[in-house]
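# Analysis of the macromolecular model
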Amino acid sequence: MGEPRAPTRILVTGGSGLVGRAVQKVVADGARLPGEEWVFVSSKDADLTDAAQTQALFQKVQPTHVIHLAAMVGGLFRNIKYNLDFWRKNMHINDNVLHSAYEVGARKVVSCLSTCIFPDKTSYPIDETMIHSGPPHSSNFGYSYAKRMIDVQNRSAPCSPPGPLGRGRGLKWPISSSMAAPSPPSSPPMSLGPTTTSTSRMATCCPASSTRCTWPRVSAAARHTLARVPHSGSALTVWGTGKPRRQFIYSLDLAKLFLWVLREYNEVEPIILSVGEEDEVSIREAAEAVVEAMDFHGEVTFDTTKSDGQFKKTASNGKLRAYLPDFRFTPFKQAVKETCAWFTEHYEQARK
């Protein structure tokens, strides 16, 4: 008989976030394979900006695989105001996680990037070869450059042969991000879906709250109007002109793709996890979809004094489709409807 294979222990950082909870749900709903142990952690378990705490977490869990979703995130205006903080904190988080994974001999790390890291001045659609071909948009250059450095660190990692149980030290790992864009690295578009735990994040799925990743921003009054009184005649104010265009991926679809990357995708090159170019919608169309899903009958206005941020970042999913030609994405309006239903049901429990 051959030597028994070590069990697979998968550590998910950012486990309490939108995508982390989606991964947890997909695993719980039947995607777990025999021999897999899943460990989901959040900032309550360790401050990943602190090297010692990160090392202690990895020494305790001893993961064979890592899905790295943890990050300091925020919407357009928070990025503009705290660009340096986004750079420094995300650099600390990413370096601590990747180095700790190396120290415990993790076989693979899948990290989450974002389509906002791509150059501002570029041709479209963007693809995986264009990450470093120019500076990102000025509104989030701190966050974008920190995320780009995951790709740099990933490519710089030394390779060594695996140990006796298949675990090597310093193996190159794929990185994955959603275009909620996060290969290894993987880069997704903007994501939306249930299980988000804070109203500030809810904006990635519903303009009933402030957004991250450029989902429409609305006033606090409108947040309560949509969540509590969907039939009210009160006005909803969306920040910006509504003209910028985005691709949105349902968080549960993204979670399924992360599991595929973890198990099947073995390139060191990034891969974009996104819906197709044909599924791109304007922020106005996104807001209208939420208004319809929430059965909101009040006036919808656009505050054009607020910045639009980057106009578009249309991404190609051609590489993903070459691997998974038959993968079916949840239609945008269905994803919005399910997300708004979850938001309405869980509003009182959501972190304010």
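Each chain has its residues counted from 1, following the order in which its sequence is written. A pLDDT threshold of at least 70 governs which residues receive local features in this predicted model, and a stricter bar of 80 or more applies before side-chain atom pairs are shown or counted, although totals over entire chains, interfaces and linings include all residues. Note that the side-chain values use all heavy atoms of the structure and ignore hydrogens as well as water.

## Some remarks on the overall build of the chain
When helices and strands are tallied, the chain shows 11 helices and 13 strands. Across the 352 residues in the chain, those meeting the buried criterion constitute 58%. Per element, the accessible surface of the chain, about 14,700 Å² overall, is 52% carbon and sulfur. Helix and strand assignments come from DSSP, with helices taken as H or I runs of at least 4 residues and strands as E runs of at least 2, each series counted from the N terminus. For every residue, the accessible area (1.4 Å probe, protein chains only) is compared with the maximum for its type, and the residue is labelled buried under 20%, exposed over 50%, or partly exposed between those bounds. Only the protein chains shown count as cover for residues, and the accessible areas themselves come from Shrake-Rupley with a 1.4 Å probe.

## Description of helix 5 (residues 141-156)
Helices are assigned an expected span. That span is 1.5 Å times one less than the residue count. Here helix 5 is 16 residues long and its end C-alpha atoms lie 22 Å apart, about the 22 Å a rise of 1.5 Å per residue gives. Within helix 5 the residues assigned to the buried category are Gly-142, Tyr-143, Ser-144, Ala-146, Lys-147, Arg-148, Ile-150, Asp-151 and Asn-154. Tucked inside the fold, the buried residues of helix 5 contact helix 3 (76-81), helix 4 (83-103) and strand 4 (108-111). It only takes one pair of heavy atoms within 4.5 Å for two residues to be counted as in contact.

## Quick notes on the side chain of Thr-64
Within the secondary structure, Thr-64 is located in the loop between helix 2 (51-61) and strand 3 (65-68). The class of Thr-64 is buried, set by a relative accessible area of 2%. Under the rule applied, a polar contact is a pair of N or O atoms within 3.5 Å (in protein, one hydrogen donor and one hydrogen acceptor; residues adjacent in sequence only if both atoms are side-chain atoms). Polar contacts involving the side chain of Thr-64 include one to the side chain of His-65, which spans 2.8 Å.

## Let's talk about the sheet that holds strand 1 (residues 8-13)
The pairing of strands in a sheet happens through backbone hydrogen bonds and is either parallel or antiparallel. For two strands to pair, DSSP has to find at least two bridges joining them. Strand order in this open sheet of four strands is 2-1-3-4, and the pairing throughout is parallel. On the outer flanks of this sheet lie strand 2 (36-40) and strand 4, each paired with one strand and no other. Across the sheet, the axes of successive neighbouring strands diverge by a mean angle of 15 degrees, strand direction being ignored. Pairing analysis gives four bridges linking strand 1 to strand 3, with the strands arranged parallel. When the sheet's bridge partners are listed, Val-12 is paired in strand 3 with Ile-67. Packed onto the sheet, helix 8 (residues 251-264) meets strand 1, strand 2, strand 3 and strand 4 and runs at close to 150 degrees relative to strand 4. The angle between two axes is taken between their N-to-C directions and runs from 0 to 180 degrees, where each axis is a line fitted to C-alpha atoms and a helix contributes only its stretch in contact.

## Structural notes on the environment of Asn-96
Among the secondary structure elements, Asn-96 is positioned in helix 4. Using a relative accessible area of 10% as the deciding quantity, one classes Asn-96 as buried. Along the primary structure Asn-96 and Gln-55 are separated by 41 residues, whereas in three dimensions their C-alpha atoms are 7.5 Å apart. Discounting chain neighbours no more than four positions away, the residues touching Asn-96 are Leu-48, Thr-49, Asp-50, Ala-51 and Thr-54. Polar contacts involving the side chain of Asn-96 include one to the main-chain carbonyl oxygen of Thr-49, which spans 3.3 Å.

## Description of a nonpolar patch on the surface
Surface patches are defined over residues having more than 30% relative accessible area and no salt bridge, joining like charges when they lie within 9 Å and nonpolar side chains (Val, Leu, Ile, Met, Phe, Trp, Tyr) when within 5 Å. The rule for a salt bridge is simple: a side-chain nitrogen of Lys or Arg has to be within 4 Å of a carboxyl oxygen of Asp or Glu. A cluster of nonpolar side chains, Leu-84, Trp-87, Phe-141 and Tyr-145, forms an exposed patch at the surface whose accessible area comes to about 380 Å². Among the structural elements, Trp-87 can be located in helix 4.

## Observations regarding the packing of aromatic side chains
Geometry of aromatic contacts follows a simple scheme: Phe, Tyr and Trp rings, the Trp one being its six-membered ring, pair when their centres are within 6.5 Å, and the pair is stacked under 30 degrees between planes, edge-to-face over 60, tilted otherwise. Within the structure shown, the criterion is met by seven aromatic pairs. Judged by centre distance (5.4 Å) and plane angle (35 degrees), the ring pair of Phe-248 and Phe-332 falls under tilted. With a gap of 84 residues between them, Phe-248 in strand 10 (residues 248-250) and Phe-332 in helix 11 (residues 332-346) connect regions that are remote in the sequence. Residue class for Phe-332 comes out buried when judged on its relative accessible area of 17%. The interplanar angle of 45 degrees and the centroid separation of 5.8 Å between the aromatic rings of Trp-260 and Tyr-265 together place this pair among those described as tilted. Among the aromatic residues, those joined into a cluster by ring pairs are Trp-260, Tyr-265 and Tyr-323. Distance and angle both matter: a charge sits over a ring if NZ of Lys or CZ of Arg is within 6 Å of the ring centre and within 35 degrees of the ring normal. The aromatic ring of Phe-302 is capped on one face by Arg-284, whose charged end is 4.0 Å from the ring centroid. A cation over an aromatic ring shows up here: Lys-312 above the ring of Tyr-124, its NZ or CZ 5.0 Å from the ring centre.

## Describing the confidence of the model for the chain
Scored from 0 to 100, pLDDT records how confident the predictor is in each individual residue. In this model, the chain carries a mean pLDDT of 79, and residues with pLDDT of at least 70 account for 76%. At the low end of the mean pLDDT range in the chain sits strand 7 (residues 217-218), at 36; at the high end sits helix 2, at 98. Long-range and interchain partners of residues 160-185, a stretch whose pLDDT sits below 50, account for 158 contacts in this model, where long-range means more than four residues apart. Contacts from residues 197-229, a stretch scored under 50 in pLDDT, to residues over four places away or in other chains number 123 contacts.

## What about the nonpolar core?
We define a nonpolar core as any set of buried Ala, Val, Leu, Ile, Met, Phe, Trp, Tyr and Cys residues linked to one another through side-chain atoms lying within 4.5 Å. Counting 45 residues, the largest nonpolar core has Trp-38, Ile-67, Leu-257, Phe-258, Leu-273, Leu-320 and Phe-332 as the members making the most contacts within it. Contributions of two or more residues to this core are made by strand 1, helix 1 (18-31), strand 10, helix 8, helix 9 (283-293) and helix 11. Here this core takes nine residues from helix 8, the largest share from any one element. Dropping the residues within four chain positions of it, Trp-38 is found in contact with Ile-10, Val-12, Val-23, Val-27, Arg-32, Ile-67, Leu-259, Leu-262 and Arg-263. Formed by 31 residues, the second largest nonpolar core is a distinct cluster that contains Val-97, Val-104, Met-130 and Tyr-143.

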